[in-house]
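# Topology and contacts: notes
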Amino acid sequence: MTRPTLFPAKTIAITGGARGIGYQTAKELIGRGHRVAIGDIDEARAKEAADELGISSVARLDVTDPDSFRAFLNMVETQLGPIDVLINNAGIMPTGHVHEEEDTVTRRQVEINVLGVIFGTKLALQRMLPRRAGHIINTASLAGELSVPGLATYCGTKFAVIGFTEAARQEYRKSGVCLSTVRPTFTNTELVAGTSGAKGLRNAEPQEIARATADLIEQPRPFVRVTRVAGGMVAAMKFVPGRLATALGSALGTDSVFLDDVDMGARQAYLERIRNS
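As the structure is a computational prediction, the values presented were derived from the model and not from experiment.

### What about unusual backbone geometry?
- Residues V226 and T227 are joined by a peptide bond in cis, for which omega reads 10°.
- Along the chain, T227 turns up in the loop between strand 7 (223-226) and helix 7 (228-237).
- The phi torsion at R132 lies on the positive side, around 55°, for a residue other than glycine.
- With respect to the helices and strands, R132 occurs in the loop between helix 4 (103-128) and strand 5 (134-139).
- For R132, a relative accessible area of 52% puts it in the exposed group.

Laid out in structure tokens, this is it:
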């Protein structure tokens, strides 16, 4: 259940806010009393989401276009005031063998998952640095710490998000602006449609990621992993010899869950949407 916050209300902008984790994060933050704006490439769904959330600050946003991103942030600040927090949440996750991945799909992942985060971070910094205050939260993934077969490009983009955010965090550590990553395990949204998840590990629910993100705003730190069990496993695997790590991956089924065990029919609607976005 969403709880009212004891912290001062903030102006918060969320990319990819029309669905999934972004939508649930907006809902959680509104419930805690914050001022929230959402942007999404799917303008129709974004407006529906805004109506459901009871907010009016919403816009079509193409995170791969700096001009579109700048216009979104301008809208937020005009309607709600200076942005205290930007959550770079927009992202896509196709699955499959690298050699079969369409070039357009590869490019789209890099543009949305990496360039979108970098553009948003730069534009937010330009606004926050003169005020010496602000918080940028970039949604990464545990797949940005531990590679997963069938998600090679996606993993590469999330490794990039973590590396970029950590370098920028250190660069601006004395500026008054915080930078953080949220690192979810696989979460029950459209991104994992048609997949079964790792054996013995449950997927997270988007509400869990939303709560973790909201808590991170209230108590900033460099990153948070969700769930605790999956995050602990990923952290521990960094100290496991490679051969043993591979064997453990096979035991958990992570070497096939995004390759041989995928129901492509169940993923078709999602894949068509990201191709046509």
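After that view of the structure, there is still more to cover.
### Some thoughts on the packing of helix 1 (residues 20-31) against helix 2 (residues 43-53)
- Closest axis-to-axis distance for the helix 1/helix 2 pair is 11 Å, and the angle between their directions is 25°. Looking at the two axes, helix 1 sits roughly parallel to helix 2. The chirality of how helix 1 crosses helix 2 is right-handed. Listed contacts from helix 2 to Y23, A26, K27 and I30 of helix 1 are R45, A49, E52 and L53.
- Along the lines of polarity and charge, the residues of the contact of helix 1 with helix 2 split into five nonpolar, no polar and three charged.

### As for the environment of R32
- By secondary structure assignment, the location of R32 is in the loop between helix 1 and strand 2 (35-40).
- For R32, the side chain forms a polar contact with the side chain of D215, separated by 2.9 Å.

### A closer look at the pattern of salt bridges
- Applying the stated rule across the entire model yields 21 salt bridges.
- Between D42 and R19 there is a salt bridge, and its shortest N-O distance comes to 2.9 Å. Here R19 lies in the loop between strand 1 (11-15) and helix 1 and D42 lies in the loop between strand 2 and helix 2, a separation of 23 residues in the sequence.
- The class of D42 is partly exposed, set by a relative accessible area of 22%.
- Overall, the relative accessible area of 26% leaves R19 in the partly exposed class.
- With a shortest N-O distance of 3.5 Å, E111 and R108 are connected by a salt bridge. Remark: R108 and E111 occur in helix 4; sequence separation between them is three residues, near one turn of the helix.
- Accessibility expressed as a relative area gives 16% for R108, which makes it buried.

### Description of the sheet that holds strand 1
- With parallel pairing, the seven strands of this open sheet are ordered in space as 3-2-1-4-5-6-7. Each end of this open sheet is capped by a strand with a single partner; those strands are strand 3 (58-60) and strand 7. Pairs of neighbouring strands in the sheet enclose a mean axial angle of 15°, with direction left out of account.
- For strand 2 and strand 3, the ladder comprises three bridges, and the chain directions are parallel. Its bridge partner being in strand 3, G39 is matched across the sheet by A59.
- Here helix 3 (residues 66-80) sits on the sheet in contact with strand 1, strand 2, strand 3 and strand 4 (85-88), set at roughly 155° to strand 2.

### As for the packing of helix 4 against helix 5 (residues 152-171)
- Contact geometry of helix 4 with helix 5 gives a least axis separation of 9 Å together with a crossing angle of 10°. Comparing their axes, helix 5 and helix 4 come out roughly parallel. Helix-helix and strand crossings are classified by hand; for helix 4 and helix 5 the assignment is right-handed. Judged by residue contacts, T106, Q109, V110, N113, V114, V117, I118 and T121 of helix 4 engage T153, Y154, T157, K158, A160, V161 and F164 from helix 5.
- Tallied by class, residues from the contact of helix 4 with helix 5 come to eight nonpolar, six polar and one charged.

### Details of the side chain of T165
- Relative to the assigned elements, T165 resides in helix 5.
- A distance of 2.9 Å separates polar atoms of two side chains, one belonging to T165 and the other to N138.
- Among residues more than four places away in sequence, those in contact with T165 are N138, L179, S180 and T181.

### A closer look at empty space enclosed by the protein
- Within the structure shown, the criterion is met by two cavities of 30 Å³ or more.
- Considering only enclosed or pocket space, the largest cavity measures out at about 40 Å³ in volume.
- Lining the largest cavity, in full, are P94, G96, V98, E101, Q109, G150, L151, A152, T153 and Y154.
- Looking at the lining of the largest cavity element by element, the count peaks at three residues for helix 5.
- Here the residues of the lining of the largest cavity are counted per class, giving five nonpolar, four polar and one charged.

Analysis parameters
Residues numbered from 1 in each chain as written. Predicted model: local features only at pLDDT ≥ 70, side-chain atom pairs only at ≥ 80, totals over all residues. Heavy atoms only, no water. Helix = DSSP H or I, 4+ residues; strand = E, 2+ residues; numbered from the N terminus. Buried < 20%, exposed > 50% of the residue type's maximum accessible area, 1.4 Å probe, protein only. Axes fitted to C-alpha atoms, helices over the stretch in contact; angles between N-to-C directions. Parallel < 35°, antiparallel > 145°, perpendicular 65-115°, else oblique. Left-handed = near helix turned anticlockwise from the far one by under 90°. Contact = heavy atoms within 4.5 Å. Nonpolar A, V, L, I, M, F, W, Y, C, P; charged D, E, K, R; others polar. Polar contact = N/O pair within 3.5 Å; in protein donor to acceptor, adjacent residues only side chain to side chain. Salt bridge = Lys/Arg side-chain N within 4 Å of Asp/Glu carboxyl O. Pairing = 2+ DSSP bridges. 1 Å grid on protein atoms, 1.4 Å probe; cavity = no way out; pocket = protein on both sides within 12 Å on 5 of 7 lines; lining within 4 Å. Points joined across faces, edges and corners; volume = space filled by probe spheres on them.

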